[in-house]
Number of protein chains: 2
Amino acid sequence: MLTERQRLILTAIVDDYISSAEPVGSRSISKRGDVAFSPATIRNEMADLEELGYLEQPHTSAGRIPSQKGYRYYVDHLVRLDDLSPEEVKRLKTMFAEKITAMEQVVQHTSTVLAQLTNYTSIALGPEMFNTSLRHFQLLPLSEDTAVAIIVTSTGHVENKTVPIPPGVSAAELEKVVNILNAKLTGIPLIQLRAQLYTEVGQELKKYVSHAQEMIAMIENVMSGEEVHREVYLSGTTNMLTQPEFKDVDRIKTIWDLLEETPTLIKVVGESPTGIQVRIGQENSHEAIANCSLITATYTYDGQTLGTIGLLGPTRMEYAKVMNLMNQVSGQMALFMKRWSR
Amino acid sequence: MLTERQRLILTAIVDDYISSAEPVGSRSISKRGDVAFSPATIRNEMADLEELGYLEQPHTSAGRIPSQKGYRYYVDHLVRLDDLSPEEVKRLKTMFAEKITAMEQVVQHTSTVLAQLTNYTSIALGPEMFNTSLRHFQLLPLSEDTAVAIIVTSTGHVENKTVPIPPGVSAAELEKVVNILNAKLTGIPLIQLRAQLYTEVGQELKKYVSHAQEMIAMIENVMSGEEVHREVYLSGTTNMLTQPEFKDVDRIKTIWDLLEETPTLIKVVGESPTGIQVRIGQENSHEAIANCSLITATYTYDGQTLGTIGLLGPTRMEYAKVMNLMNQVSGQMALFMKRWSR
DNA sequence: GTTAGCACTCGTTGAGGATGAGTGCTAACG
DNA sequence: CGTTAGCACTCATCCTCAACGAGTGCTAAC
């Protein structure tokens, strides 16, 4: 358990280091005003805090910087969530006031604004379709042997895929299939679609349609999960470059490689639990960002967690500001989704 | 007009510099074997070439590097297009042999492979829809007052947009509108769609549908050009970081900022003429890449130029290799498109 | 318990010198 | 007359070394 004074000093060090990116010395803290002790006293406390693992020293004659444990303590116990700046409030208000008609757009837009307001990199995962249900299915022949399949979800998301038509199937038959599928599957959660093909829907098809086996195979192809890609919106990727910790090209490269590798990125960001989550340094599941912090917020629709918006920055991140923003944005999005589902 | 020996020496310098990224000295050229003159002679020629503007000297006691004009001459007159390496051929072959069903996929995949084979950054502009025609139009109500509009083009591309339904319009009326539009507009080039709304189609709508005015406004909204976004596929963005000329973080930042600003990027890459085009350094229309070279190839469908694939690297680019690859890829894509349109 | 004083550490900065790659020029050569 | 050897000169790079100063830990006094 830390004493009150230790907490005060730790707060001061973290705050200082966050804004300066330089190791913090005892003298500069003493001069700040909010810690009214002499440098010597503060030095003693700092030595204790280092022994407890909250601080680190780059080298003997340098000041202290917060360790991962130090940041964690700061985030869990010390950070105070103050109000947003007028500019931020205004920005968010106008943003959510806009007449936005597609869920993807909200997510993307939010992510862009977050990146701009914070100067970090934002990573937004578009809505996970499998938690939504089927609104409409369509199969349009393009040529003799290919057709484009279109799936519209209850959230208004449109997914499409071009597929080969089984040889010998007529346009009329395709239409019949589409009608049956729409009649039977509308309202079914996407995640269950494939399974349904083998129960009554399959029976129905076999009864009324020729080439049923091939048709089912084709439709399964359309609905196969791995093919349904998930949108990832990156924003403010270059913001990283303004941070002094990323002056080094090699370090950037590993991070950027991660950002470019969508599937891994989805895993890293998407495994967040509902709500707001702060992952500091090595708490992250990928070592490319072992000296970064990732703050994520999930968004939900109709009670289902659909996606995640994350902000990636150095461990020396402006936690107070970002956590605040995330809180606000998260709330606004929830409202928006509710209003939108009406 | 350059003498044969000058051309020989310029070629040697460009080749050397491309592979080493270091200023090239007279001695190293003399030792190469293919230029059988003493360093002193070569020095004289180099001085001449510099005076003519083909070479530059970073400082007095350094070797020479090619100037923009030097690269241009190299690309126009000296580069020899040799065959692709077996690995490259194999890679391309297997790629185009794959059963790819959507045009977008070909483009994206090609771009990825190019980035991998060359170690540069590839920028691919997805098919420009406005040169294709309407295959199918659909309007699906999502709730009482919003609907999702879906446009399927002759190339199988699906575009969708969520729009508000004018108050007081019933589902039946929407369907009627959709039917009229499909009957009248199928096969019409997308670029003409909006204009058509004001000729016979508009008349028709006014005749058979109530709220025609509002409906037309809504449909125009759907078809408004600026909203139809164009896909941009980036690949190998981190490859840039392995080039010594981009060790500097600031330089990278300006380039990356450009890559993130999609509309500008589309302008920079998309203004290429049909065929293969090399733009060196300041020949580029954006100063962020004034020390980069951009090699672009367009792809066509049915005689229409649909999009562009570009490779971005330092001016010290492996022109021979890249131009070759682009040639091949371009040809393969043309074949593919032809086979695909069947 | 707090603080002033002081010796000590160690990264940073800048000056000076050696190194060497490469040049331009001149004179000699075939 | 084109080509080449020789040589003085330039200039970026690298290394060393000393001065500097920010910051520490420890001890003794308040």
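A. Region of interest: the protein's contact with DNA strand D. If you check the shell around DNA strand D, you find 20 residues, and the closest are Ser26 and Arg64 of chain A together with Arg5, Thr41 and Ser61 of chain B. Sugar and phosphate atoms form 77% of the subset of DNA strand D atoms that lie within 4 Å of the protein. Between Arg43 of chain A and DNA strand D, the recorded distance is 3.1 Å, taken from a side-chain N or O atom to a base nitrogen. Note that a phosphate oxygen of DNA strand D is positioned 3.2 Å from one of the backbone N or O atoms of Ser38 of chain B. With four residues, helix α3 (residues 39-52) of chain B is the single largest residue contributor to the surface near DNA strand D. Class assignment for the residues of the surface near DNA strand D results in four nonpolar, twelve polar and four charged.

B. Expanded view of helix α12 (residues 262-270) of chain B. Residues and elements named next belong to chain B. Those residues of α12 that sit buried are Thr264, Leu265, Val268 and Val269. The buried residues of α12 occupy an angular sector of 120° when projected down its axis, which confines them to one face. Among the exposed residues of α12, those oriented more than 90 degrees off its buried face are Pro263 and Lys267. Along its buried surface, α12 packs onto β3 (121-125), β7 (232-235), α11 (249-260), β8 (276-280), β9 (292-301) and β10 (304-314).

C. Here's a closer look at the relation of the copies chain B and chain A. Laying chain B over chain A is done by rotating through 180° and shifting 0.0 Å along the axis; what remains is an RMSD of 0.1 Å. The symmetry that links the two subunits is that of a two-fold axis. Measuring from the rotation axis to each C-alpha of chain B, the shortest distance belongs to Val249 of chain B, at 3.4 Å. Interface residue correspondence from chain B to chain A reaches 97%, placing this contact among same-surface, isologous pairings.

D. Examining the packing of aromatic side chains more closely. Residues and elements named next belong to chain B. Tallied over the entire structure, the rule returns nine aromatic pairs over all chains. With a centroid separation of 5.8 Å and 50° between ring planes, the pair formed by Tyr71 and Tyr319 is classed as tilted. Here Tyr71, found in helix α4 (residues 68-78), pairs with Tyr319, found in helix α13 (residues 319-341); they are 248 residues apart in sequence, far enough to count as distant. Each member of the pair, Tyr71 as well as Tyr319, carries the same accessibility label: buried. The ring of Phe37 carries the charged tip of Arg5 above its face, separated from the ring centre by 4.5 Å. Of note, Lys69 hangs over the ring of Tyr54, and the distance from its end group to the ring centre comes to 4.7 Å.

E. Layout of the interface of chain B and chain A. Between chain B and chain A, the contact holds 35 residues from the first and 35 residues from the second. There are zero salt bridges connecting chain B and chain A. At the boundary of chain B and chain A, one finds twelve residue pairs in polar contact (both at pLDDT 80 or more). Per-element tally for the side of chain B that touches chain A: the top contributor is α11 of chain B, with six residues. In the side of chain B that touches chain A, the residues fall into 14 nonpolar, 14 polar and seven charged.

Cut-offs used in this document
- Residues numbered from 1 in each chain as written.
- Chains lettered and ligands numbered in written order.
- Predicted model: local features only at pLDDT ≥ 70, side-chain atom pairs only at ≥ 80, totals over all residues.
- Heavy atoms only, no water.
- Near = heavy atom within 4 Å.
- Polar contact = N/O pair within 3.5 Å; in protein donor to acceptor, adjacent residues only side chain to side chain.
- Helix = DSSP H or I, 4+ residues; strand = E, 2+ residues; numbered from the N terminus.
- Nonpolar A, V, L, I, M, F, W, Y, C, P; charged D, E, K, R; others polar.
- Buried < 20%, exposed > 50% of the residue type's maximum accessible area, 1.4 Å probe, protein only.
- Arc of directions from axis to C-beta.
- Contact = heavy atoms within 4.5 Å.
- Least-squares fit on C-alpha atoms with pLDDT ≥ 70 in both.
- Phe/Tyr/Trp six-rings, centres within 6.5 Å; stacked < 30°, edge-to-face > 60°.
- Lys NZ or Arg CZ within 6 Å of the ring centre and 35° of its normal.
- Salt bridge = Lys/Arg side-chain N within 4 Å of Asp/Glu carboxyl O.

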